[in-house]
Amino acid sequence: MNWALRKSLWVYHVNTGACNNCDIEVLELLTPKYDIERLGMVLVGSPRHADVLAVTGACTRQAQPRLQEAYRQTPKPCVVMAIGVCANAQGIFTEAYHMGAGVDVAIRAVDPDAIIVYVPGCPPKPEAMIAAAVKAMELIKTL
Amino acid sequence: MNAFGIIGTYIAASVGTLAIGLFFRWFDRKATAMVQWRKGPPWYQPIADVLKLFSKETLVPSTARRTGFLIAPAIGLAASALVAAILWSAVLMPGTGFVGDLIVVVYLLLIPPVMTIFGGLASGSPQAVVGASREMKLILSYELPFFLALLVGVIHSDWSLQLGQVGAVPLYSISGAIAMVLAIIAMQAKLGQVPFDIAEAECEIMSGVYAEYSGPPLAIIYLGRAMMLAVMPLLLITVFWGGLTATPWGIAAFIGKYVLLVVLVTLIRNTNPRLRIDQIMKFFWLGLAPLGIAAVVIAVIGRAWAIKWL
Ligand code: SF4
């Protein structure tokens, strides 16, 4: 069963207040040059279909409860991919007045055992995201 | 046929059709990738998808009617499996059908979309409700041209309502060709593929009718759609394109026709943008329905004066 999960990760993209640059890089994954469908990954339209939550952005106070709700709606086992410095550690927005807790803290508040993969960069290269996806697959192997 | 024969046929036909359908799902995605100059998924992709979905958690929204929500995909799958059984036995064992099985097939083909509506409404999510209402309008639009197209096939086979009773091949005549085009477009709509995928419109209403499904029910929906992808071209071949003749050439031609129809579905899907609801209704009612009536009239005239090419 882990084999099937590894070979068919469906991605739902959550934007928690990104500057749109990371989102464009996520879309880059679908283009002919990177073609993430080789690995069986596709973008889906609803968190209930997803196995990977691709979270971009710094997790603002407004976005935090929505992010947590999206995580609750994702059927487990699932992986959270925190894309970009913003999603990893709030980047240049840290300590700003409108910030929530940060993506990983917000997710761990819902589920302490969540699998979170960090992809640093501002924005990260698509290659970095593919590397992170492969790491996520390795992690799933150990489930 | 005794009860065991019937059950055996049903199971064999559904498993076989599922295998063909899953293969076509992969074929569809691979062809899409090739059209877009990508590499595309490996051949086992649909199997991995289904296995994964079966191993995941089932979430039921708090606003949903639990039973209806969970049972709808299964009924849809069972109905399309029944269609597959009737069609395959008509194709492989001509003469085992019964009078009126074409009508039964047409009715059964209506059940999967109706069950999608049912499940969408039962899930109690606004997006799914919007999707369900769109699916309803879609059914209202495509059913009439689809019936007219099948009626042309019936007229060509001497008003016989039995599958596999086609004498001459209806496709090689004017009315038959028109009917085939109508049926291909209606097939596209029935499969919910791109110019007509208003019911699940991913970027507008988040997968619409399927938005709330997860895990095993979603896997059953996936299987049901794969099944339909295998069943619809089969129906078109049986009614319009002469079915299967049991010679090596006949079998090769049958496979060729089958693949050709699926390639057509994929290409239409990849070269068209999604239509609006009103555009779809106008297209089917004002564009295709009169064409269908014209095809029926031509076919009747051709029948009455025994002109083969009409
Ligand atoms: S990490 Fe950089 S590129 Fe990505 S959302 Fe933040 S500021 Fe924008």
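Residues numbered from 1 in each chain as written. Chains lettered and ligands numbered in written order. Predicted model: local features only at pLDDT ≥ 70, side-chain atom pairs only at ≥ 80, totals over all residues. Heavy atoms only, no water.

Before going further, it helps to examine the overall build of chain B. Within chain B one finds 10 helices and 0 strands. When the helices and strands of chain B are listed from N to C terminus, the series reads α-α-α-α-α-α-α-α-α-α. Radius of gyration (C-alpha) of chain B: 19 Å, near the 19 Å computed for a compact globule of 310 residues. If you line up chain B on its principal axes, its C-alpha atoms span 65 × 45 × 40 Å. Within chain B, the proportion of its 310 residues that are buried is 54%. Summarising the internal contacts of chain B: among those between residues at least 6 apart in sequence, 80% fall at separations of at least 24. Accessible surface computed for chain B: about 13400 Å², of which carbon and sulfur atoms make up 74%. (Helix = DSSP H or I, 4+ residues; strand = E, 2+ residues; numbered from the N terminus. Rg over C-alpha atoms; globule rule 2.2 N^0.38 Å. Buried < 20%, exposed > 50% of the residue type's maximum accessible area, 1.4 Å probe, protein only. Contact = heavy atoms within 4.5 Å. Areas by Shrake-Rupley, 256 points an atom, 1.4 Å probe, with all protein chains shown as cover.)

Another aspect to go through is the interface of chain B and chain A. At the interface, 30 residues of chain B touch 30 residues of chain A. Both sides of the chain B and chain A interface together cover about 2400 Å² of buried area, and 57% of this is carbon and sulfur. A per-residue breakdown of the area chain B buries against chain A is headed by Arg-38, Lys-52 and Lys-56 of chain B, which together make up 25% of the total. Between Arg-29 of chain B and Glu-37 of chain A there is a salt bridge whose closest N-O contact spans 2.8 Å. At the boundary of chain B and chain A, one finds 17 residue pairs in polar contact (both at pLDDT 80 or more). When contributions to the side of chain B that touches chain A are tallied by element, the ones reaching two or more residues are α2 (45-54) and α8 (216-240) of chain B. (Buried area = accessible area lost by both parts, 1.4 Å probe. Salt bridge = Lys/Arg side-chain N within 4 Å of Asp/Glu carboxyl O. Polar contact = N/O pair within 3.5 Å; in protein donor to acceptor, adjacent residues only side chain to side chain.)

A few words on the packing of helix α1 (residues 3-35) of chain B against α8 of chain B. Residues and elements named next belong to chain B. Here α1 crosses α8 at 90 degrees, and the two axes come no closer than 7 Å. Regarding the angle of α1 to α8, the classification is roughly perpendicular. Contacts between α1 and α8 involve Ser-14, Thr-17, Leu-18, Ile-20, Gly-21, Leu-22, Phe-24, Arg-25 and Arg-29 from the first element and Tyr-222, Leu-223, Arg-225, Ala-226, Met-227, Leu-229, Ala-230 and Val-231 from the second. Of the residues in the contact of α1 with α8, the class split is 11 nonpolar, 3 polar and 3 charged. (Axes fitted to C-alpha atoms, helices over the stretch in contact; angles between N-to-C directions. Parallel < 35°, antiparallel > 145°, perpendicular 65-115°, else oblique. Nonpolar A, V, L, I, M, F, W, Y, C, P; charged D, E, K, R; others polar.)

Residue and element names in this part refer to chain B. Within the fold, Thr-266 resides in helix α9 (residues 248-271). By relative accessible area, which is 1% here, Thr-266 ends up buried. In contact with Thr-266, not counting residues within four places along its chain, are Asp-28, Ala-31 and Thr-32.

With that settled, the discussion passes to the packing of aromatic side chains. The description of an aromatic ring pair rests on the distance of the ring centres and on the angle between the ring planes. Residue and element names in this part refer to chain B. Throughout the structure, instances matching the rule amount to 12 aromatic pairs over all chains. Here the aromatic rings of Phe-69 and Tyr-213 are separated by 4.3 Å at their centres, their planes lie at 5 degrees, and the arrangement is stacked. Taken together, the positions of Phe-69 in helix α3 (residues 66-92) and Tyr-213 in the loop between α7 (202-205) and α8 put the pair 144 residues apart, joining distant regions of the chain. The class of Phe-69 is buried, set by a relative accessible area of 1%. (Phe/Tyr/Trp six-rings, centres within 6.5 Å; stacked < 30°, edge-to-face > 60°.)

Right, let's talk about the environment of Val-99 of chain B for a bit. Turning to its location among the elements, Val-99 of chain B is positioned in the loop between α3 and α4 (101-122). Note: C-alpha distance between Val-99 of chain B and Leu-161 of chain B (62 residues apart in sequence) is 6.0 Å.

Here the focus is the nonpolar core. Residues Leu-109, Leu-163, Leu-235 and Phe-240 of chain B are the most contacted members of the largest nonpolar core, which totals 103 residues. Per-element tally for this core: the top contributor is α8 of chain B, with 18 residues. Formed by 24 residues, the second largest nonpolar core is a distinct cluster that contains Met-41, Ile-115, Met-129 and Ile-140 of chain A. (Core = buried A, V, L, I, M, F, W, Y, C linked by side-chain atoms within 4.5 Å.)

Bringing the site of the ligand into the picture now. Residue and element names in this part refer to chain A. Taken together, Ala-18, Cys-19, Asn-21, Cys-22, Gly-84, Val-85, Cys-86, Gly-121, Cys-122 and Pro-123 make up the full set of residues adjacent to the ligand. Contributions of two or more residues to the shell around the ligand are made by α2 (21-28) and α4 (84-89). Considering every element that reaches the shell around the ligand, the biggest residue donor is α4, with 3 residues. Its residues placed into classes, the shell around the ligand shows 7 nonpolar, 3 polar and no charged. (Near = heavy atom within 4 Å.)

Now for the sheet that holds strand β2 (residues 42-43) of chain A. All names here are of chain A. The 5 strands lie next to each other as β2-β1-β3-β4-β5, forming an open sheet whose pairing is parallel. Strands with a single pairing partner mark the edges of an open sheet, and in this sheet they are β2 and β5 (115-119). Pairing analysis gives 5 bridges linking strand β4 (residues 79-83) to β5, with the strands arranged parallel. Counterpart to Val-80 in the pairing with β5 is Ile-116. (Pairing = 2+ DSSP bridges.)

What follows covers the pattern of salt bridges. Inspection of every chain in the model, using the stated rule, returns 11 salt bridges over all chains. Ionic pairing is found between Asp-35 of chain A and Arg-38 of chain B, a salt bridge with its closest N-O pair at 2.9 Å. Separated into two different chains, Asp-35 of chain A in the loop between α2 and β2 and Arg-38 of chain B in the loop between α1 and α2 make up a pair that spans both. The pair formed by Asp-35 of chain A and Arg-38 of chain B is uniform in burial state, with each residue classed as buried.

The subject of this paragraph is the pairing of strand β3 (residues 52-56) of chain A. All names here are of chain A. Here β3 lies mainly inside the structure; 5 of its 5 residues are buried. Bridging between strand β1 (residues 10-15) and β3 involves 5 bridges; their strand directions are parallel. Note on β3: the bridge partner recorded for Val-14 is Val-55. Taking the sense of rotation as the criterion, the β-α-β connection linking β3, helix α3 (residues 63-73) and β4 turns out right-handed. (Right-handed = clockwise from strand over helix to strand, strands pointing away.)

To continue, consider the state of the cysteines. A full pass over the atoms with the stated rule returns 0 disulfides over all chains. Summary of cysteine pairing: Cys-59 of chain A is not part of a disulfide, and the nearest cysteine sulfur, belonging to Cys-86 of chain A, is at 11 Å. (Disulfide = S-S within 2.5 Å.)

A separate point is the environment of Met-232 of chain B. Residues and elements named next belong to chain B. Tracing the backbone shows Met-232 in helix α8. Taking the relative accessible area as the measure of exposure, Met-232 reaches 0% and is therefore buried. Spatially, the C-alpha atom of Met-232 lies 12 Å from that of Ile-20, the residues being 212 residues apart in sequence. Those residues in contact with Met-232 that lie beyond four places of it in its chain are Leu-109, Phe-146, Met-187, Lys-190 and Leu-191.

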